[in-house]
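Geometric and topological summary
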Amino acid sequence: MIPFKVVIPARYASSRLPAKPLLDLGGKPMVVRVAERALASGAEEVLVATDHEAVRAAAEAHGLPVLMTRTDHPSGTDRLAEVAALRGWGPQVPVVNVQGDEPLIEPELIARTAACLVDSGADIATLAHPLTSAADCFNPNVVKVVCRADGDALYFSRAPIPYARDAFAVSREALPPGLPLFRHVGLYAYRTAFLKAYADLAPSPLEQFESLEQLRALWHGYRIRVLEVDGAPPPGVDTPEDAERMRKLFDRPGDCG
C-alpha cells in the first residue's frame, strides 16, 4: 500500500447543525467516529484539523492528533493547505480530505482514492458513481461529472451533463439507455504541491456560478482523475434530521462498531 496522509477538517460552526463535530454517536463524538474509519484505511497519519478548542479537546481525549488551524478558511481545501504547511510535508505527499461529517465513510474508499492519485500522476483524485435516476439528473443539488477517455475530469456541473438532446426533447421522465451519467462524490486526494499552490489561485467564474470549488483547479489547468465506483457511499450528516438518523444507527448495538 502506498503511504498517504488523512486530514479531517472539523469546523465547529455550522448554520444548520452547530457543534456538528461533537455530535454524540454511540458514546463518541462524530469527529472521532470519522477518524476511526480513516485509521482503518491504512493511512500512515490521521490528523484532525479544527478551529475550536472543544473539538480539539474531544479528539485528544480519544488519543487523536489535532492541529489548530485558522478560523477564516473559506473551504476545507484551504484548511488542508495550512495543515500541509504546518507539517512541512513534501510536494508529492498524497493527502486525503475526509469530511468530518461522514462517520460511515468506507475505509477502502479512502485508500483507493489515495492510490488513484498516485497511480494516475494527477494533481487531484476524486470519485464518481453511475446515475440511474432522471430525477437526480435534473437535480441541481446532485453534482455531475464528465470525464475524458483516460478518466480525467473534463467538467463538473449541477446541470445535467452530458445532455441527451434528442431523448430529453421527448421526455425527461427516464434516462436514455447508455447515457454516461455520473454523480460526483466529494472525497478528494491531493498532492501537497497542489495544496501549496491552491491558496494563490484566483477563483474562476465557473466556480462562482456553479458554486463548485473543484472548478478552480480545472480552470487553472490542474488534472483531476475520477475513480469510478459502483454506488454512492453512505450519506453524511448535514441537517438535524441527518443527525437523528445517524444517532439511531449508532445506538443499535453492533451496527457501526
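Above this text you will find the structure in question.
Fair warning: this is a prediction, and the values are worked out from it, not measured in the lab.

Digging into the pattern of salt bridges
Tallying each qualifying case throughout the model produces 18 salt bridges. As a salt-bridge pair, Glu36 and Lys28 come within 2.5 Å of each other at their nearest N and O atoms. Using a relative accessible area of 27% as the deciding quantity, one classes Lys28 as partly exposed. A salt bridge links Arg148 to Asp150; the shortest N-O distance between them is 2.5 Å. Overall, the relative accessible area of 41% leaves Arg148 in the partly exposed class. Under the relative-accessibility criterion, Asp150 is labelled partly exposed at 36%. Through salt bridges with shared partners, one network takes in Arg148, Asp150, Asp152, Arg223 and Arg225.

Here we look at the environment of Gly186
You can see Gly186 is positioned in strand E10 (residues 182-191). A residue is classified by how much of its surface remains accessible, and Gly186, at 36% relative accessible area, is partly exposed. C-alpha of Gly186 to C-alpha of Gln214: the two residues are 28 residues apart in sequence and 9.6 Å apart in space.

What about the nonpolar core?
Ranked by size, the top nonpolar core spans 42 residues in total, and within it Phe4, Val6, Ile8, Val48, Val96, Val98 and Ile110 carry the most contacts. Of all hydrophobic cores here, the second largest spans 28 residues; its members include Ala49, Ala84, Ile124 and Phe156.

Topic: the pairing of strand E9 (residues 153-157)
Where strand E8 (residues 144-147) lies against E9, 4 bridges are found, and the strand directions are antiparallel. Paired with Val145 across the strands is Phe156, a residue of E9. The antiparallel pairing of E8 with E9 creates a hairpin that spans 5 residues between the two strands, and Gly151 there sits at a positive phi of about 100°.

Here we look at the packing of aromatic side chains
In this description, a pair of aromatic rings is defined by centroid distance and the angle of the planes. One pass over the structure, following the stated rule, counts 6 aromatic pairs. Measuring from centroid to centroid gives 5.7 Å for Tyr188 and Tyr190, while their planes differ by 20°, and the two rings are stacked. An identical accessibility class is assigned to Tyr188 and Tyr190; each is buried. When the ring of Phe194 is compared with that of Tyr222, the centres are 4.9 Å apart and the planes differ by 80°; the resulting orientation is edge-to-face. Of this pair, Phe194 sits in helix H7 (residues 192-198) while Tyr222 sits in the loop between helix H9 (214-219) and strand E11 (224-228), and the two are 28 residues apart along the sequence.

Some details on the state of the cysteines
Going through the model one piece at a time under the given rule, you end up with 0 disulfides. Cys137 carries a free sulfur, and the closest cysteine sulfur to it, the one in Cys147, is 15 Å from it.

With respect to the pairing of strand E7 (residues 124-130)
Burial of E7 is extensive: 6 of the 7 residues sit out of reach of the surface. Looking at chain direction, E7 and E10 are connected through 6 bridges and run antiparallel. When the sheet's bridge partners are listed, Ala125 is paired in E10 with Ala189. Relative to E11, E7 runs parallel, the two being bridged by 5 bridges. Paired with Ala125 across the two strands is Arg225, which belongs to E11.

Conventions adopted
Residues numbered from 1 in each chain as written. Predicted model: local features only at pLDDT ≥ 70, side-chain atom pairs only at ≥ 80, totals over all residues. Heavy atoms only, no water. Salt bridge = Lys/Arg side-chain N within 4 Å of Asp/Glu carboxyl O. Buried < 20%, exposed > 50% of the residue type's maximum accessible area, 1.4 Å probe, protein only. Helix = DSSP H or I, 4+ residues; strand = E, 2+ residues; numbered from the N terminus. Core = buried A, V, L, I, M, F, W, Y, C linked by side-chain atoms within 4.5 Å. Pairing = 2+ DSSP bridges. Phe/Tyr/Trp six-rings, centres within 6.5 Å; stacked < 30°, edge-to-face > 60°. Disulfide = S-S within 2.5 Å.

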